[in-house]
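Examining the three-dimensional arrangement
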Amino acid sequence: MALVGPVVCLAGGVGGSRLAHGLAQVLPPGQLTVVVNTADDFRHYGLQVCPDLDTVMYNLAGLADPQRGWGLRDDSGNMLEALQRLGGDGWFQLGDKDLATQVLRTHWLARGMRLTEVTARLAAALGVKQALLPMCDEPVATMVQTREEGELDFQTWFVRRRWRPAVRSLCLAGLGRARMTAEVSDALAGAALVLLAPSNPWLSILPILAVPGLREALRQASAPVAAVTPVIRGAALKGPAARLMADFGLAPGAGTVARLYGDILDAFVYDERDAVPPLTGLRLLGVDTVMVNEDARARLARDILDWIATWRTPHVPEREKP
Ligand code: GDP
Ligand code: CA
C-alpha cells in the first residue's frame, strides 16, 4: 500500500472508531492521530463519561465489544444491577470494567489534569499506539431542541428517549470557552491527509469542526480533507443521521453530508451502492464503505489511502465512475 504521510482522522463513536481502527491496521502507529468528538460527554453519578473517546480507545486497543461496537468485550453488569436494586437509574449502561475508566478519568480531571493528558494516559495503559486526542479540553455539550419536549441534554434525548423526539435544532453549550489544543493544532499542521470519518455529521463531526480555531487550522493546513459517507441509499447504518436530515428538511443522502462540510472539503468517499452524488468541485470515490468486520475496516482504509496516493502522480486523477 502506498503511504501518504501522517493522517488525522476526525471521529465520533461507532462509525468513527471503525474507520480509525481500519487506519490503525494499515498505517504505522506514529502516522495516525484520531481527534474525537467530546460533545456527547456528560456527568453521570458524579463520573465524567466520554462515550466517543472510549469507543475509539477500546477499538484501537482491540478490546471493544464486537456486537455493540461500544463498551468493553467480556464486561459484566454487576454495578448497574446493584445500582438499580438500590433505586438508581439504569438507563445509561456502564459495564463494570468500563466503570474503571470513568472513575480514573474523573479522579485525574479533579486533580487538574487536562482531558488530553488523561486520555493519553488511559490509552497508553490499554496499549493504544496511535495518538488519541479529544477535540478540546473544555466541556462542550450538544443540546437538543425538540419539537415536543423542549430542550433535552444529548444523552437524555439519545439514550433515555431513544432519539424519538423530533429535533428542531441543535446547539453546543460551552463552545465559547473552548479552544483548539496545541496537540490538535500540531497534528493538523503536520498532516498529509485529514479524514472525516463516517460519523454522524451533526452529532460527531460538526461539533469537532466548531471548536474555535479548528476550521481555520484545517483551511491553513496543506493536507487535503476527505470525508467518508455515514449514509448509504439515504439511510444510516445505525443511529439518527438520516432522521436528522428529515427533521431538518434536507434530502436524505450522501450528497447532503458533503454539502454540510462545505468548502473545507476536497474529496468525498460515497458508497458504491449509491449513485454518484451530484457534487461539483470535489474528487469523488465510490467504494464499499460498510465495515462489517476488521478486514472490511482495513480494506476501506487501504482503498482511501491508495486513492489519495494517486493524486500525487503527474496524471490528472480520473473521476471515479462517471
Ligand atoms: P456514535 O457516536 O456511536 O453515534 O457514532 P458515530 O457518530 O461515529 O457514527 C454514527 C454513524 O456511523 C451512523 O450514521 C452510521 O450510519 C455510520 N456508520 C456506522 N458504521 C458504519 C460503516 O461501517 N460504514 C459507514 N459508511 N458508515 C457507518
Ligand atoms: Ca457519539
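Keep in mind that what you see is a predicted model, and the values were worked out from it rather than measured. (Residues numbered from 1 in each chain as written. Chains lettered and ligands numbered in written order. Predicted model: local features only at pLDDT ≥ 70, side-chain atom pairs only at ≥ 80, totals over all residues. Heavy atoms only, no water.)

Thoughts on helix α11 (residues 254-261)
Taking burial as the measure, the eight residues of α11 include six buried ones, the bulk of the element. Residue Gly-262 follows α11 closely and has a positive phi angle near 70 degrees. (Buried < 20%, exposed > 50% of the residue type's maximum accessible area, 1.4 Å probe, protein only. Helix = DSSP H or I, 4+ residues; strand = E, 2+ residues; numbered from the N terminus.)

Topic: the coordination of the calcium ion (ligand 2)
Working reference: metal with six octahedral donors, ideal angles 90 or 180 degrees; metal with four tetrahedral donors, ideal angle 109.5 degrees. The protein atoms donating to the calcium ion (ligand 2) are Asp-40 (OD), Asp-52 (OD) and Asp-52 (OD), with metal-donor distances spanning 2.0 to 2.7 Å. One end of the pair, Asp-40, is in the loop between β2 (32-36) and β3 (42-44); the other, Asp-52, is in helix α2 (residues 51-60), with twelve residues separating them in the sequence. The exposure class of Asp-40 is buried, given its relative accessible area of 7%. Since its relative accessible area comes to 6%, Asp-52 is described here as buried. (Donors = N, O, S within 2.8 Å, 3.2 Å for Na, K, Ca; no water.)

A look at the packing of helix α1 (residues 14-26) against α2
Relative to each other, α1 and α2 sit at 30 degrees, their axes nearing to 9 Å. By the angle between their directions, the pair α1 and α2 is classed as roughly parallel. α1 and α2 meet at a crossing whose hand is right-handed. Contacts from Val-14, Ser-17, Ala-20, His-21 and Ala-24 of α1 reach α2 at Thr-55, Val-56, Asn-59 and Leu-60. Tallied by class, residues from the contact of α1 with α2 come to five nonpolar, four polar and no charged. (Axes fitted to C-alpha atoms, helices over the stretch in contact; angles between N-to-C directions. Parallel < 35°, antiparallel > 145°, perpendicular 65-115°, else oblique. Left-handed = near helix turned anticlockwise from the far one by under 90°. Contact = heavy atoms within 4.5 Å. Nonpolar A, V, L, I, M, F, W, Y, C, P; charged D, E, K, R; others polar.)

A short note on the environment of Pro-252
By secondary structure assignment, the location of Pro-252 is in the loop between α10 (241-247) and α11. Taking the relative accessible area as the measure of exposure, Pro-252 reaches 47% and is therefore partly exposed. Sequence-wise, Pro-252 and Gly-234 are 18 residues apart; in three dimensions their C-alpha atoms are separated by 4.8 Å.

Points about the site of ligand 1
Around ligand 1 sit 20 residues, and of these Arg-18, Ser-199, Ser-204, Pro-230 and Thr-289 come closest. A distance of 3.2 Å separates an oxygen atom of ligand 1 from a polar atom in the backbone of Gly-15. Arg-18 is positioned such that a nitrogen or oxygen atom in its side chain is 2.7 Å from a nitrogen atom of ligand 1. For ligand 1, whose accessible area on its own is 600 Å², the fraction buried by protein is 94%. Here the shell around ligand 1 gets four residues from one element, more than from any other, and that element is α1. (Near = heavy atom within 4 Å. Polar contact = N/O pair within 3.5 Å; in protein donor to acceptor, adjacent residues only side chain to side chain. Areas by Shrake-Rupley, 256 points an atom, 1.4 Å probe, with all protein chains shown as cover.)

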